[in-house]
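Overview (structure and organization)
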Amino acid sequence: MELSLSTSPASPAVLRRQPSPLLHNQQVLGVSFASALKPGGALRFGSRRRPLHRPITCSASPSTAEPSSEVKKKTLVRRNDVRNIAIVAHVDHGKTTLVDSMLRQAKVFRDNQVMQERIMDSNDLERERGITILSKNTSITYKNTKVNIIDTPGHSDFGGEVERVLNMVDGVLLVVDSVEGPMPQTRFVLKKALEFGHAVVVVVNKIDRPSARPEFVVNSTFELFIELNATDEQCDFQAIYASGIKGKAGLNPDDLAEDLGPLFEAIIRCVPGPNIEKDGALQMLATNIEYDEHKGRIAIGRLHAGALRKGMDVRVCTSEDSCRFARVSELFVYEKFYRVPADTVEAGDICAVCGIDDIQIGETIADKAHGKPLPTIKVEEPTVKMSFSVNTSPFSGREGKYVTSRNLRDRLNRELERNLAMKVEDGETADTFIISGRGTLHITILIENMRREGYEFMVGPPKVINKRVNDKLLEPYEVATVEVPENHMGPVVELLGKRRGQMFDMQGVGSEGTVFLRYKIPTRGLLGLRNAILTASRGTAILNTVFDSYGPWAGDISTRDLGSLVAFEDGTSTSYALASAQERGQMFVGAGVDVYKGQIVGIHQRPGDLGLNICKKKAATNIRSNKDVTVVLDTPLTYSLDDCIEYIEEDELVEVTPLSIRMCKNPKMAKKGR
């Protein structure tokens with residue numbers, strides 16, 4: 001008798017009803033699944049060991065997916081020469097590196113072509129921070145099948161990018177680290193993919209790590225599918241074991257092929273081709289917008305029905321009522337790493353359209369005569385807000401090119417066109433704007449981009465967006481996952497407890513001596529937490545967060561115990577004054593730096609603010625000194641933009657200019673402290 005875990009749709013259904021949270025020691029048809037889900041993919045029958053059948057039937061494959069009556073009525077056909085996939089994962093699980101290897105092995109580049117690492121992270125800011133911020137398209141050809149690949153961000157703050165691109169694809173590669181397993185953002189992106197009904201191929205990446213535990217990771221991922229109410233077909237996922245950096249993959253963690261062939265085969269076999277209405281009226285949803293100095297606005301999206309031709313007259317619709325007419329001037333498809341001009345694009349492919357100057361994300365390019373709009377893109381609501389205002393410090397206008405409220409308003413409105421998860425509202429005064437986003441990193445990236453473009457402005461402290469339901473105040477909660485060495489666990493647990501965090505899970509990990517802590521914590525408690533947790537763990541802790549839900553107000557949270565050192569006159573700092581000032585706390589400025597009244601120049605060693613004169617010069621007398629006193633100054637703290645935004649409190653602002661980042665007291669608020 002032979003039994004395949006995958007070909008029998010009943011087997012996952014039986015598994016899903018088991019009360020035990022783990023797969024170990026479960027009995028199905030008298031077979032123990034403790035060995036059935038071992039990465040080698042073999043079942044034990046007594047003393048005999050028999051391999052599972054390969055290739056297996058995959059989730060949402062043509063043989064299992066039953067077409068609905070509506071699909072039959074529209075006579076949809078499936079294209080087999082195209083696959084559209086998104087690569088989704090938690091941050092640092094190796095998405096972009098895996099795409100690098102896929103591009104190299106698909107011969108996208110010449111053999112002698114020198115390519116940098118993380119090719120898809122083309123933005124300067126992405127390269128500096130080592131993260132993906134914007135989702136990007138590329139394509140490869142494997143065995144006469146075109147595979148459109150979309151690389152997505154891993155941070156929860158950029159979850160809007162992931163939600164947006166899932167409209168364009170038919171399946172996802174869920175990349176999971178072979179040690180960490182499913183993390184908070186893994187859960188978020190998988191939940192969205194399952195809601196769309198996409199096929200999922202699980203890639204257990206970094207399998208070459210010394211403490212890799214693939215069996216645990218596959219079991220945990222299966223549990224995550226069940227928690228998210230996946231269908232039986234979706235739970236029946238294909239697992240591929242890979243090392244993205246080495247460019248190897250296989251169906252067994254101990255037996256990897258010399259290339260990524262097994263991964264490409266799994267994509268072709270497990271991800272269905274796009275379901276299209278070939279002869280229907282043209283429909284294409286604009287999922288992304290790019291800007292080119294020569295071509296203007298470029299709309300990127302997947303063609304759902306019909307065919308699009310260069311020079312074609314189309315209708316651009318937001319809803320049934322609001323439509324306007326336009327003409328497609330140029331048409332591009334993605335081939336390898338570049339955009340290639342095309343005369344015609346058929347339904348199912350991803351393309352870029354030029355010539356529609358006012359197109360927005362979420363609008364539909366439809367047939368001129370019979371076109372109907374597709375449902376618009378919906379993204380989750382923002383949870384954090386910050387105020388942007390015109391720079392009013394004495395140094396305003398020295399370094400920036402764009403300094404007026406009109407410049408600020410125009411730039412923020414431009415950001416809204418492509419950043420769907422962000423909102424902009426007018427503030428209390430004409431020169432203040434309230435920016436809402438998914439998290440402080442989401443807004444900080446915007447601030448950094450504006451600063452590099454020559455804008456000069458002031459930023460207030462981050463605040464959470466609360467809701468009131470049935471006269472009860474609700475605030476956003478997040479799930480925080482902390483990976484910390486065991487000997488630093490005490491201070492970290494104490495810190496999270498002070499921030500109103502509630503621990504609901506704790507696990508030890510392998511031989512590395514690290515502990516995984518999972519907390520449900522108010523978003524307010526996370527503001528300013530990253531630096532504090534690094535200090536408490538001596539720089540060894542890794543903190544990851546993802547939005548969970550709104551819950552009851554948790555009460556007051558103290559985020560900062562110490563006050564600030566504030567300059568009380570304009571001038572240039574002197575080493576003579578700093579020598580005595582540094583006894584009061586840690587300084588942000590060195591000698592010879594211009595400062596102004598109200599600027600924060602250091603951290604006070606006690607609660608409450610303290611005014612200092614750091615511009616005082618040594619009194620000159622007519623008595624000759626026998627020797628000059630050597631002044632030894634401590635090295636000033638250098639705070640990045642993220643650090644400054646974490647540091648400031650309610651009555652403080654960050655002054656952002658192209659060359660400098662300073663902090664100051666808000667002159668509009670009553671003075672606190674001494």
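Throughout this description, residue numbers start from 1 for each chain and increase along the sequence as written. Reporting in this predicted model follows two pLDDT cut-offs: at least 70 for local features of residues, and 80 or more for side-chain atom pairs to be given and counted; totals over whole chains, interfaces and linings ignore these cut-offs and use all residues. Side-chain numbers come from the whole structure's heavy atoms, not from hydrogens or water.

As recorded in an unreviewed UniProt entry, the protein goes by Tr-type G domain-containing protein and comes from Brassica campestris.

1. Some details on the sheet that holds strand β18 (residues 323–327)
Hydrogen bonds between backbone atoms are what pair the strands of a sheet, whose relative direction is either parallel or antiparallel. Two strands are said to pair when DSSP picks up at least two bridges between them. What counts as a helix is a DSSP run of H or I of at least four residues, what counts as a strand is a run of E of at least two, and both are numbered from the N terminus. The strand order across the open sheet formed by eight strands is β18-β17-β23-β14-β15-β22-β19-β20, and the pairing between neighbours is antiparallel. In the strand order of this sheet, the two ends are held by β18 and β20 (338–341), each with one partner. The mean inter-strand angle of the sheet, taken between neighbouring strand axes irrespective of direction, is 40 degrees. The sheet contact formed by strand β14 (residues 283–292) and strand β23 (residues 364–367) spans three bridges and is antiparallel. Residue pairing in the sheet places L285 in a bridge with T364 of β23. Angles shown run from 0 to 180 degrees and are taken between the N-to-C directions of axes, each axis being a line fitted to C-alpha atoms and, for helices, limited to the stretch in contact.

2. As for the side chain of H604
In this fold, H604 is placed in strand β38 (residues 600–604). Classification of H604 by relative accessible area gives buried; the value is 2%. In protein, a polar contact means a hydrogen-donor-capable atom and an acceptor-capable atom, both N or O and within 3.5 Å, with residues adjacent in sequence counting only if both atoms are side-chain atoms; elsewhere, any N or O pair within 3.5 Å suffices. Only 3.2 Å separates the side chain of H604 from the backbone oxygen of R606, close enough to count as a polar contact. Each residue is placed in one exposure class: buried if its accessible area under a 1.4 Å probe, protein chains only, is under 20% of its type's maximum, exposed if it is over 50%, and partly exposed if it falls in between.

3. Observations regarding the packing of aromatic side chains
We call Phe, Tyr and Trp rings a pair once their centres come within 6.5 Å, taking the six-membered ring for Trp, and we label the pair stacked below 30 degrees between planes, edge-to-face above 60, and tilted otherwise. Tallied over the entire structure, the rule returns 10 aromatic pairs. Aromatic side chains F388 and F457 sit 5.3 Å apart centroid to centroid with 15 degrees between the ring planes, which places their arrangement in the stacked category. Of the two residues, F388 is situated in strand β24 (residues 384–390) and F457 in strand β27 (residues 457–459); the sequence distance between them amounts to 69 residues. By way of ring pairs, the aromatic residues F222, F225 and F237 are connected into one cluster. Across the ring face of F332, the terminal group of R339 is positioned such that the distance to the ring centre comes to 5.9 Å. A ring has a charge above it when a Lys NZ or an Arg CZ is no more than 6 Å from the ring centre and no more than 35 degrees off the ring normal. Directly above the ring of Y550 sits K467, whose terminal nitrogen or CZ lies 4.4 Å from the centroid.

4. Concerning the confidence of the model for the protein
Values of pLDDT, ranging from 0 to 100, describe the predictor's confidence in every residue of the model. Per-residue confidence for the protein averages 78 on the pLDDT scale, and 82% of its residues sit at or above 70. Segment residues 1–56: pLDDT under 50, and 99 contacts once partners within four positions in sequence are set aside and those in other chains are kept. When the criterion is pLDDT under 50, residues 59–73 qualifies, and its contacts beyond four places in sequence or with other chains add up to 16 contacts. Two residues form a contact once any of their heavy atoms are found within 4.5 Å.

5. A short note on the side chain of T523
For T523, the position within the fold is in helix α14 (residues 523–526). Within the local environment of T523, its side chain forms a polar contact with the side chain of E478, the two groups lying 3.3 Å apart. For T523, the residues in contact, after removing those within four places along its chain, are V384, V464, P476, Y477 and E478.

6. Describing the pattern of salt bridges
In the sections that follow, a salt bridge refers to a side-chain nitrogen of Lys or Arg positioned within 4 Å of a carboxyl oxygen of Asp or Glu. Considering all chains together, one arrives at 30 salt bridges under this definition. Linking D313 and K368 is a salt bridge whose minimum nitrogen-to-oxygen distance equals 4.0 Å. One end of the pair, D313, is in strand β17 (residues 313–317); the other, K368, is in the loop between β23 and β24, with 55 residues separating them in the sequence.

7. A look at the sheet that holds strand β8 (residues 145–151)
On the basis of which strands lie adjacent, the open sheet formed by seven strands has the order β7-β8-β6-β9-β10-β11-β12 and mixed pairing. If you trace the sheet from one side to the other, it starts and ends with β7 (136–142) and β12 (248–250), each paired once. With strand direction ignored, the average angle separating the axes of adjacent strands in the sheet is 30 degrees. Strands in contact with helix α10 (residues 261–270) are β6 (82–89), β7, β8, β9 (171–177), β10 (199–205), β11 (238–243) and β12; relative to β11, the strand with the most contacts, it is inclined by about 155 degrees.

8. Considerations on the nonpolar core
Grouped together as the largest cluster of nonpolar side chains are 40 residues, with contacts concentrated most on L174, L190, V200, V202 and F225. Domain start and end points were adopted from an automatic or database domain assignment. Taken together, domain 1 (77–273) and domain 2 (277–366) each give at least three residues to this core, which thus spans both. Apart from the residues lying within four places of it in its own chain, the contact partners of V202 are L174, V176, T221, F225, F237, Q238, A239 and I240. What makes a nonpolar core is a set of buried Ala, Val, Leu, Ile, Met, Phe, Trp, Tyr and Cys residues whose side-chain atoms join them at distances within 4.5 Å. If you look at the next biggest cluster of nonpolar residues, it comprises 26 residues, including M102, I149, A242 and A249.

9. Topic: the pairing of β6
Judged by how many residues are buried, β6 sits mostly within the fold: eight of eight residues are covered. Of the two faces of β6, the one carrying V82, N84, A86 and V88 and the one carrying R83, I85, I87 and A89 are both buried. Alignment of β6 against β8, held across six bridges, turns out to be parallel. Bridge assignment links V82 to a residue of β8, and that residue is K146. Note that β6 and β9 share five bridges and pair parallel. Paired with I87 across the strands is L173, a residue of β9.

10. Some thoughts on the packing of helix α13 (residues 489–498) against helix α15 (residues 529–536)
At a minimum axis separation of 9 Å, α13 and α15 run at an interaxial angle of 155 degrees. When the axes of α13 and α15 are compared, the pair comes out roughly antiparallel. Our pair here, α13 against α15, has a crossing hand that is right-handed. Contacts from P491, V492, L495 and L496 in α13 reach L529, A532, I533 and A536 in α15. For the contact of α13 with α15, the class distribution of residues is eight nonpolar, no polar and no charged. Roughly parallel refers to an angle under 35 degrees, roughly antiparallel to one over 145, roughly perpendicular to one between 65 and 115, and oblique to any angle outside these ranges. Here a crossing is taken to be left-handed if its near helix is turned anticlockwise relative to the far helix by less than a right angle, and right-handed if that turn runs clockwise. In the scheme used here, Gly and all other residues not listed as nonpolar or charged are polar, with Ala, Val, Leu, Ile, Met, Phe, Trp, Tyr, Cys and Pro taken as nonpolar and Asp, Glu, Lys and Arg as charged.

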